[in-house]
Amino acid sequence: MLFRYNKFHEAAFMNVAKEVTGGIYDKVSNTEYYFHLKRTNDSLVQENERLRNMMVTNFENPDTTSFMAKDTVPYDTLGHYRKFLWREAKVSNNSTSTQNNYITIHRGENQGVRKDMGVVSGNGVVGVVVNTSANYATVMSLLHRQNRLLGSLKKTGETGTVQWTGDSPLFLTLINIPKSAKIARGDTVMTSQYATRFPPSVIGTVYNIVEDPSTNFYTLTLRPATNFFSLNHVYVVENLQAEEQKKLEEATKKKFNE
């Protein structure tokens, strides 16, 4: 009765009630937001897959100055042939503490994943598919002693071999970069155009430059672009033109070795 028939008390009571219920609503909203984070994250990963498949670097036309009869349907509106196809995948298992580290992803042959396909994260290169089952695939991580990947300096284009020494998961090594190259700490290293498994992707950045007086090459220490300690989702990249290139090169070798 006091709050109902006294306007001042009623107003005071309503203000207090709004603060209490408002605080409760905020807590409920925050709780719901927390439990929806996984769904939101999955949605973002799927959206990234769609956007990556739309990138211009996924399409490539053969160099030609004459008429070319197209025997496949072009994917984009400009008539460019699709070269790279991206598929998102969840990481089921991941190791970083051994000499030969592997990553297991929950996407396999039934979902279009095949051996030798490249794998990248949202930040850079992860590794290469080495084994598949119906619904899973094993990826040889960049943190593997047997891994070899062609990498190029983004600024100047010199190409060398990226490998892992097995010492620290925080660093990679780039060898066979000529001393004529102009290099500075922080320079970006990309996948080489000769690395057919990958579209242009970041491998890492130059952390240290080692000059060996006995050779004409630098040895570069790299910080990998991918954080291998927090991999949740990756993208499997298929080069749709790789088989054509491989068959042509094998036929050429066979022809001139006969």
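Structure first, text after, so check above.
As the structure is a prediction and not an experimental result, all values here were calculated from the model.

## Description of the pairing of strand β1 (residues 84-94)
Looking at chain direction, β1 and strand β12 (residues 233-239) are connected through seven bridges and run antiparallel. Pairing of K90 across the sheet is with H233, part of β12. Relative to strand β2 (residues 100-105), β1 runs antiparallel, the two being bridged by three bridges. Bridging from a neighbouring strand, N94 pairs with I103 of β2. Two successive antiparallel strands, β1 and β2, enclose a turn made up of five residues.

## Examining the side chain of D187
Tracing the chain through its elements places D187 in the loop between β8 (172-178) and β9 (188-191). Among the residues examined, D187 registers a relative accessible area of 12% and is labelled buried. Beyond its immediate stretch of four places on either side in the chain, D187 contacts K155, K182, G204, T205 and V206.

## Observations regarding the sheet that holds strand β4 (residues 125-132)
With antiparallel pairing, the six strands of this closed barrel are ordered in space as β1-β2-β5-β4-β3-β12. Taking the axes of each pair of neighbouring strands and ignoring which way they run, one obtains an average angle of 45° across the sheet. Pairing geometry for strand β3 (residues 118-120) and β12, over three bridges, is antiparallel. Bridge assignment links V120 to a residue of β12, and that residue is Y235.

The rules we used
Residues numbered from 1 in each chain as written. Predicted model: local features only at pLDDT ≥ 70, side-chain atom pairs only at ≥ 80, totals over all residues. Heavy atoms only, no water. Pairing = 2+ DSSP bridges. Helix = DSSP H or I, 4+ residues; strand = E, 2+ residues; numbered from the N terminus. Buried < 20%, exposed > 50% of the residue type's maximum accessible area, 1.4 Å probe, protein only. Contact = heavy atoms within 4.5 Å. Axes fitted to C-alpha atoms, helices over the stretch in contact; angles between N-to-C directions.

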